[in-house]
Amino acid sequence: MDSGPLEDSITSSHKNPVRRRASKPRSRTGCRTCRARRIKCDETPGSCQRCTSTGRVCDGYEVQRLPLPPRRKTATVSRIPAPVPTGFRFTTTTDEMRCFSYFQHCSVSNLIASVDNPLWEKLVLQMSYNEPAVYHAIVALGSIHQNLEKHGLPRPGKKSDSTLERFAAEQSLRSFSMLTQRRASQDPALRQVVLICCLLFTVTELLCARPETASVHLAGGLRILRELRAQRGAHSPWEQQTTLETYLHLQSQSFFMMGGPILTTDHEIIHERPYEDHLSTFTTFHEAQRAFGPVFNASCGFHVIFWKQRQRIPAAESYQASLLSPTRILSCLNRFLQQLEAFVAQPFTRLNTKEERGVQLLRVITHGQIVGVKSSLLLSNDLSLHSLMEDFVNLHRMLKTTLDQIRDRPLISLGVGIIPVFFFLAQCPDYEIRLWAIDSLLSWPHCGGFFNSKQMAQVVLQGMKTELRTLRESCPLGVDGVVGFFNKKDGSLFARILYSGKNGATERLVRLDE
């Protein structure tokens, strides 16, 4: 059989292999416009000629690029969903979309972990599709959140130089530049854009452990709200109310930085207008949550200023008046707690699982604020806190129950958080309860607005060390069966704290000369 033609064809196929173009690594330094169009950029300094020659606007070059995601050999479920379909009215890049997607699917779920908030679920995301300044601010926040999930919360004052953090800084600068260019614009929607961007900048700086810079951004947004004469009200648009509530909550935490309130809405409700008029009967959990806002913010601001004065840090004179009425705050807290329990006891009350956790959070936070105000009243008169032992024990039990119910512990929490409750509990004279509060703060590292759990644990621990050093000066041998002092061979000074744990007598060593 003649097989010549077949052999010839096989031979010819080996002689003339299919030519393929040599693969070259893709350039990652092109301009934003060319990268979005997926074409080669000539990378001309300033503006590339490929854009300008076709009448397009060159969006410039990015200094920081994110590393390419690792290629997976086997199909696995990625933690971050694929980037959202591009519906933006401006140029976006793959790096930006990765961080935007992270914000949408991870950061938002953290921000609404305790209670739902349409500000993050709807308003911010909706504005990002039309406003590039909001979009880039979101990308910066998503980048920082992604970085912290990998490396953990930074310590205040510690600088980080990761690629994600540098990328976030560039995105924040791009957003800020866009807002600056529109400064003279008469667009009525510009103020709302600036409000959202200031809020995103604030959260980003707080996650980076830079509260001083965060307070500057927060103050800018608060001044806009003051110019708009924003007020709490049931008939106000939900966009305005959710934005206002978030700003007021962050303001109450930031008095350490700003010295006093820029918006006095909650201060007036508590101290000048009857809070009882604002505190109507609840029919939904959302109503209970909104009613709690003014008294919590007033109480939180009171505590920040009180402890600021305890440390001999001067406070703004404009806010001194609130220190004269802790009994008023205490009365409002007790009144709210009564209304909350009455709401829960109503037969028509129907709560889902998330709302039940929210009610428990409101309950324990209110009790914590009450204990905090009582402690402040005693300390301001140089009285011992031993008379509050029953309150501390009850708060400890409630807080343990609440923590058992919180399974998903987010890294970011901007709602009414429980970090201050740990601080109040750590004032307890019982060292066992104080050490439990410190351990609990360290076991759940998270950023609750201007309250950082790691930083709060260090503040509480340093306060306890100062107290133990003072005790050693008056009682060098310590207190029998409670605390003792000794030096190790290297000369370091320690306190030995004794208490009865689950497995019998337990001791804890605390170094005092650090």
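Read on for an overview of the structure. (Residues numbered from 1 in each chain as written. Predicted model: local features only at pLDDT ≥ 70, side-chain atom pairs only at ≥ 80, totals over all residues. Heavy atoms only, no water.)

**A few points about the pattern of salt bridges**
Heads up, the condition is: Throughout this description, the term salt bridge denotes a Lys or Arg side-chain nitrogen within 4 Å of a carboxyl oxygen of Asp or Glu. Here a helix means four or more residues in a row that DSSP labels H or I, a strand means two or more in a row labelled E, and each is numbered from the N terminus.
Evaluated as defined, the whole model comprises 15 salt bridges. Among the ionic pairs, D116 bridges to K354, the shortest N-O distance being 2.6 Å. Taken together, the positions of D116 in the loop between α4 (94-111) and α5 (118-128) and K354 in helix α16 (residues 353-380) put the pair 238 residues apart, joining distant regions of the chain. Between R496 and E507 there is a salt bridge whose closest N-O contact spans 3.3 Å. With a gap of 11 residues between them, R496 in strand β4 (residues 493-501) and E507 in strand β5 (residues 504-511) connect regions that are remote in the sequence. Within this structure, E131, R182 and D187 form a network of salt bridges that share partners.

**What about unusual backbone geometry?**
Of note, the phi angle at E43 is positive, near 55 degrees, even though the residue is not glycine. Counting through the fold element by element, E43 comes out in the loop between α2 (32-37) and α3 (49-52). Phi angles above zero are rare outside glycine, and A209 is one such case at about 60 degrees. If you trace the backbone, A209 turns up in the loop between α8 (190-207) and α9 (211-227).

**Digging into α9**
The cut-off we apply is this: One fewer than the residue count of a helix, multiplied by 1.5 Å, yields its expected span. Working definition: with a 1.4 Å probe on protein chains only, accessible area under 20% of the residue-type maximum means buried, over 50% means exposed, and in between means partly exposed.
Taking 1.5 Å per residue as the helical rise, α9 with its 17 residues ought to reach 24 Å, and the 24 Å between its terminal C-alpha atoms agrees with that figure. Those residues of α9 not exposed but buried are P211, A214, S215, H217, L218, A219, G221, L222, I224 and L225. Taken from the residues just after α9, R229 is the one with a positive phi, measuring 55 degrees.

**Some words on the packing of aromatic side chains**
Going by this rule: Centres within 6.5 Å make a pair out of two Phe, Tyr or Trp rings, where for Trp the six-membered ring is used; the pair is then stacked when the planes are under 30 degrees apart, edge-to-face when over 60, and tilted otherwise. Two conditions define a charge located above a ring, namely a distance within 6 Å from the ring centre to NZ of Lys or CZ of Arg, and an angle within 35 degrees of the ring normal.
On inspection of all chains with the given rule, the structure shows 15 aromatic pairs. Summarising the aromatic geometry, the rings of F292 and F296 are spaced 5.4 Å apart at their centres and angled 40 degrees between planes, so their arrangement reads as tilted. Of this pair, F292 and F296 both sit in helix α14 (residues 285-310), separated by four residues, roughly a single helical turn. We classify F292 as buried; its relative accessible area is 0%. Seen from their ring centres, F292 and F336 are 4.7 Å apart, and the 35 degrees between their planes marks the pair as tilted. In this pair, F292 is assigned in helix α14 and F336 in helix α15 (residues 326-345), connecting sequence segments 44 residues apart. Ring pairing ties together the aromatic residues F88, F90, F100, Y129 and Y135, which thus form one cluster. Over the aromatic face of F494 sits the side chain of K488, whose NZ or CZ is 4.6 Å from the ring centroid.

**Section: the side chain of N147**
For clarity, the threshold we go by: Here a polar contact means two N or O atoms within 3.5 Å. Within protein one must be a hydrogen donor candidate and the other an acceptor candidate, and residues neighboring in sequence count only if both atoms are side-chain atoms. Contact definition: two residues touch when any of their heavy atoms are within 4.5 Å.
Within the secondary structure layout, N147 lies in helix α6 (residues 132-151). A distance of 3.0 Å separates the side chain of N147 from the side chain of S162, its partner in a polar contact. In this structure N147 touches G152, S160, S162, L164 and E165, once residues within four positions along its chain are discounted.

**Concerning the nonpolar core**
Threshold: Nine residue types can take part in a nonpolar core, namely buried Ala, Val, Leu, Ile, Met, Phe, Trp, Tyr and Cys, and a core is a set of them joined through side-chain atoms within 4.5 Å. Delimitation of the domains relies on an automatic or database domain assignment.
In terms of nonpolar packing, the biggest core is built from 78 residues, with F336, I418, M464, L468 and I497 touching the most fellow members. Residues lining this core come from more than one domain, with at least three contributed by each of domain 3 (264-371) and domain 4 (472-511). Each residue touching I497, except ones within four places of it in the same chain, is listed here: Y431, L435, M464, L468, V482, V483, T506, E507, R508 and V510. Counting residues in hydrophobic clusters, the runner-up holds 63 residues, among them L111, V139, A214 and F450.

**Overview of the packing of α14 against α16**
Worth spelling out the cut-off: Every axis in this analysis is a line fitted to C-alpha atoms, fitted for helices over the stretch in contact. Angles between the N-to-C directions lie between 0 and 180 degrees. Roughly parallel refers to an angle under 35 degrees, roughly antiparallel to one over 145, roughly perpendicular to one between 65 and 115, and oblique to any angle outside these ranges. Handedness of a helix crossing follows the sense of rotation of the near helix relative to the far helix, less than a right angle counterclockwise being left-handed and clockwise being right-handed.
Between α14 and α16, whose axes approach to 10 Å, the crossing angle comes to 30 degrees. Here α14 lies roughly parallel to α16, going by the angle between them. The element α14 and its partner α16 pack so that their crossing is left-handed. Contact residues: α14 offers F285, A288, Q289, F292, F296, S299, C300, F302, H303, F306, W307 and R310, while α16 offers E355, G358, V359, L362, I365, T366, Q369, G372, V373, S376, L379 and S380.

**Comments concerning α15**
Taking 1.5 Å per residue, 20 residues should reach 28 Å; α15 reaches 29 Å between its end C-alpha atoms and fits that length. Within α15 the residues assigned to the buried category are P326, I329, L330, C332, L333, F336, L337, Q339, L340 and F343.

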